[in-house]
Amino acid sequence: MLDTLYAQIGGVVVVLCCLFAFLKGEDLERFGAGAILLGWFASILVQQDGELYEPQIGLFVLDTIMAIIFAGMAWRSRAVWPVWAAAFQLLSVMSHIMNMIDLRTPIASLYTVLNLAGYGVLACIVVGTVVAWQERKAAGFE
C-alpha cells in the first residue's frame, strides 16, 4: 500500500494528524487517533492488491467497525467531531455497499470516496483536538 509517492505522503499526513491528537488532545481525541492508526495498519494488512476490481470485503469490515467506533464515541461524548467522523465513515461503508451491489460502478470512484472520507475523518480529529486544546488553554490548564 505504501508503494507510491502519494500513498507515502498520505501515510505521513495520517501519522502527523494522529501525533498531534496524541500530544494536544484529550482522551476522546487520543482514542479516536488510536482507532484511526489501528484501522490504518489493519487496512494495510487486509487490502488485496491483486484483486483491484473486486469488492474488498476486508476493507468493508474495517470501515464498518470504524463507523461503529465513531458512532459509539458520538453517542457517549458531548463533542461534535465524532458525529462528523461517523458520518464520513458511513459514507465509506455506503460506498463499499454500492460497489458490492452494482459492480459496474467505476472502481476509481470508490477509491476516491474512500480517500476523501478518510481525510474527512482526519480533519474531524484535528479540529476536535484544536478545540479541546484551546478550551484547556482558556481554562488555564495549559
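Residues numbered from 1 in each chain as written. Predicted model: local features only at pLDDT ≥ 70, side-chain atom pairs only at ≥ 80, totals over all residues. Heavy atoms only, no water.

Student: So what's going on with the overall build of the protein chain? Residues and values would help.
Tutor: Counting its secondary structure elements, the protein chain contains five helices and zero strands. Tracing the protein chain from N to C terminus, the helices and strands come up as α-α-α-α-α. Here the C-alpha atoms of the protein chain give a radius of gyration of 16 Å, agreeing with the 14 Å that 2.2 N^0.38 yields for 142 residues. Along the first, second and third principal axes, the C-alpha set of the protein chain runs to 55 × 30 × 20 Å. In the protein chain, which comprises 142 residues, the proportion classed as buried is 36%. Long-range pairs, those at least 24 residues apart, make up 64% of the contacts in the protein chain between residues at least 6 apart in sequence. About 8600 Å² of surface is accessible on the protein chain, with carbon and sulfur atoms providing 71% of the total. Positive and negative charge centroids in the protein chain, built from 7 and 11 side chains respectively, lie 14 Å apart. (Helix = DSSP H or I, 4+ residues; strand = E, 2+ residues; numbered from the N terminus. Rg over C-alpha atoms; globule rule 2.2 N^0.38 Å. Buried < 20%, exposed > 50% of the residue type's maximum accessible area, 1.4 Å probe, protein only. Contact = heavy atoms within 4.5 Å. Areas by Shrake-Rupley, 256 points an atom, 1.4 Å probe, with all protein chains shown as cover. Lys, Arg positive; Asp, Glu negative; His and termini not counted. Charge placed at Lys NZ, Arg CZ, Asp CG, Glu CD.)

Student: Could you give an account of the packing of aromatic side chains, naming the residues involved and the relevant values?
Tutor: Within the structure shown, the criterion is met by three aromatic pairs. Each ring, one from Phe20 and one from Trp133, has its centre 6.0 Å from the other, and the planes form 80°; the classification is edge-to-face. Remark: Trp133 occurs in helix H5 (residues 107-139) and Phe20 occurs in helix H1 (residues 5-24); sequence separation between them is 113 residues. A relative accessible area of 23% means that Phe20 is categorised as partly exposed. Judged by centre distance (6.4 Å) and plane angle (70°), the ring pair of Phe70 and Trp81 falls under edge-to-face. You can see Phe70 sitting in helix H3 (residues 57-76) and its partner Trp81 sitting in helix H4 (residues 81-101), a full 11 residues away along the chain. Seen from the ring of Trp133, Lys137 lies directly overhead, with NZ or CZ sitting 5.5 Å from the centre. (Phe/Tyr/Trp six-rings, centres within 6.5 Å; stacked < 30°, edge-to-face > 60°. Lys NZ or Arg CZ within 6 Å of the ring centre and 35° of its normal.)

Student: How would you sum up the nonpolar core? Please name residues and give values.
Tutor: Counting residues in each nonpolar core, the largest one holds 19 residues, and the members touching the most others are Val14, Cys18, Ile36, Phe70, Trp81 and Ile125. Elements with a contribution of two residues or more to this core: H1, helix H2 (27-46), H3, H4 and H5. The greatest single-element share of this core, amounting to five residues, is contributed by H2. Those residues within four positions of Cys18 in sequence are excluded, and the remaining contacts are Ala33, Ile36, Leu37 and Leu122. (Core = buried A, V, L, I, M, F, W, Y, C linked by side-chain atoms within 4.5 Å.)

Student: How would you summarise the pattern of salt bridges if you had to cite specific residues and measurements?
Tutor: Within the structure shown, the criterion is met by two salt bridges. For Glu26, the salt bridge goes to Arg136, with nearest N and O atoms at 3.8 Å. Separated by 110 residues along the polypeptide, Glu26 in the loop between H1 and H2 and Arg136 in helix H5 bring together distant segments of the chain. Salt-bridge contacts for Asp27 lead to Arg30; the nearest nitrogen and oxygen are separated by 3.6 Å. One end of the pair is Asp27 and the other is Arg30, both in helix H2 and three residues apart, which spans about a single turn. (Salt bridge = Lys/Arg side-chain N within 4 Å of Asp/Glu carboxyl O.)

Student: Kindly report on the state of the cysteines, identifying the contributing residues and their values.
Tutor: The tally for this structure, following the rule as stated, stands at zero disulfides. The cysteine Cys17 is free of any disulfide, with Cys18 supplying the nearest cysteine sulfur at 6.8 Å. (Disulfide = S-S within 2.5 Å.)

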